[in-house]
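Single-letter residue listing:
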Amino acid sequence: MTETSDLQLRLSRHLPASPEEVFDAYTDPAQQKIWFSILDEQPGIVEIESDLRVGGTQTAVWGPSRDHLFRETQTFLVIERPHRLVTESVGSSPDGSTMTTHIEVTFAADGDGTLVTVVQTGFPAPELRDFFAEKAWAGAFARIEAYLHR
């Protein structure tokens, strides 16, 4: 039997703004509401509420329609603006499945921008880890980058 609860994802992306600007784009609900849907062909639903403090939570609900919504609630464990953010994330998909992971995001000055590194652990299966690496995080980075370029 293989233990899969310790599956880890680690990826980095250079974004074209200062650590402060990238940290704020990543954590500020008003900015998130813009970049969450910035690359969508059709407008969807994006609702975000945040209490950015240790012990506070951020809840994001998004999807193409009320019948097909994803939900993620992150509890803030560590906030070191603008360099580091650690959360516990509980996500659910429209089919009702849920997953809890631990996410650490660091923001390091890198030349003319910021190197953002994500380490996410607790995936229940390699396929979910790979989906998050190839689709979820890649999509989030592309959206934040498009937002920062606008």
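Computed from a predicted structure; not experimentally measured. (Residues numbered from 1 in each chain as written. Predicted model: local features only at pLDDT ≥ 70, side-chain atom pairs only at ≥ 80, totals over all residues. Heavy atoms only, no water.)

1. Observations concerning the overall build of the protein
Assigned secondary structure in the protein consists of three helices and seven strands. For the protein, the N- to C-terminal ordering of α and β elements is β-α-α-β-β-β-β-β-β-α. In terms of overall size, the protein behaves like a compact globule, its C-alpha atoms giving a radius of gyration of 15 Å where 150 residues would be expected to give roughly 15 Å. For the protein, the spread of C-alpha atoms along the three principal axes comes to 45 × 35 × 30 Å. Among the 150 residues that make up the protein, the fraction classed as buried is 34%. If you take every contact in the protein between residues at least 6 apart in sequence, the share linking residues at least 24 apart comes to 48%. (Helix = DSSP H or I, 4+ residues; strand = E, 2+ residues; numbered from the N terminus. Rg over C-alpha atoms; globule rule 2.2 N^0.38 Å. Buried < 20%, exposed > 50% of the residue type's maximum accessible area, 1.4 Å probe, protein only. Contact = heavy atoms within 4.5 Å.)

2. Brief notes about the pairing of strand 6 (residues 98–110)
As paired strands, strand 5 (residues 84–92) and strand 6 are joined by nine bridges and run antiparallel to one another. Bridge pairing in strand 6 places Gly 91 opposite Met 99. Between strand 5 and strand 6, which pair antiparallel one after the other, the connecting turn spans five residues, and Gly 96 there sits at a positive phi close to 95°. Where strand 6 lies against strand 7 (residues 113–123), nine bridges are found, and the strand directions are antiparallel. Counted as the bridge partner of Asp 110 is Gly 113 from strand 7. Counting the residues in the hairpin turn of strand 6 and strand 7 gives two residues, including Gly 111, whose phi is positive at 60°. (Pairing = 2+ DSSP bridges.)

3. Remarks on the pattern of salt bridges
Taken as a whole, this structure holds eight salt bridges when the rule is applied. We note a salt bridge from Arg 66 to Glu 47, for which the minimum N-O separation is 2.5 Å. Here Glu 47 lies in strand 2 (residues 45–50) and Arg 66 lies in the loop between strand 3 (57–65) and strand 4 (68–80), a separation of 19 residues in the sequence. Exposure remark for Arg 66: the relative accessible area of 53% places this residue in the exposed category. The shortest N-O distance in the salt bridge between Arg 84 and Glu 80 comes to 3.2 Å. Assessed through its relative accessible area of 38%, Glu 80 is described here as partly exposed. It is possible to trace a salt-bridge network through shared partners that takes in Glu 80, Arg 84 and Glu 104. (Salt bridge = Lys/Arg side-chain N within 4 Å of Asp/Glu carboxyl O.)

4. With respect to the side chain of Gln 120
Structurally, Gln 120 can be placed in strand 7. Engagement of the side chain of Gln 120 in a polar contact is seen with the side chain of Thr 101, the distance being 2.8 Å. Among the polar contacts made by the side chain of Gln 120, one reaches the side chain of Trp 137 at a distance of 2.7 Å. Sequence-distant contacts of Gln 120, defined by excluding residues within four places in its chain, comprise Leu 7, Gln 8, Leu 9, Thr 101, His 102, Ile 103, Phe 132 and Trp 137. (Polar contact = N/O pair within 3.5 Å; in protein donor to acceptor, adjacent residues only side chain to side chain.)

5. Details of the packing of aromatic side chains
The final tally for this structure, using the stated rule, is nine aromatic pairs. Centre to centre, the rings of Phe 23 and Phe 107 are 5.2 Å apart; their planes meet at 70°, and the pair counts as edge-to-face. With a gap of 84 residues between them, Phe 23 in helix 1 (residues 19–27) and Phe 107 in strand 6 connect regions that are remote in the sequence. Look at Phe 23 and you get buried, because its relative accessible area is 0%. What makes Phe 107 buried here is its relative accessible area of 2%. Relative to Phe 132, the ring of Phe 131 lies with its centre 5.9 Å away and its plane at 80°, an arrangement referred to as edge-to-face. (Phe/Tyr/Trp six-rings, centres within 6.5 Å; stacked < 30°, edge-to-face > 60°.)

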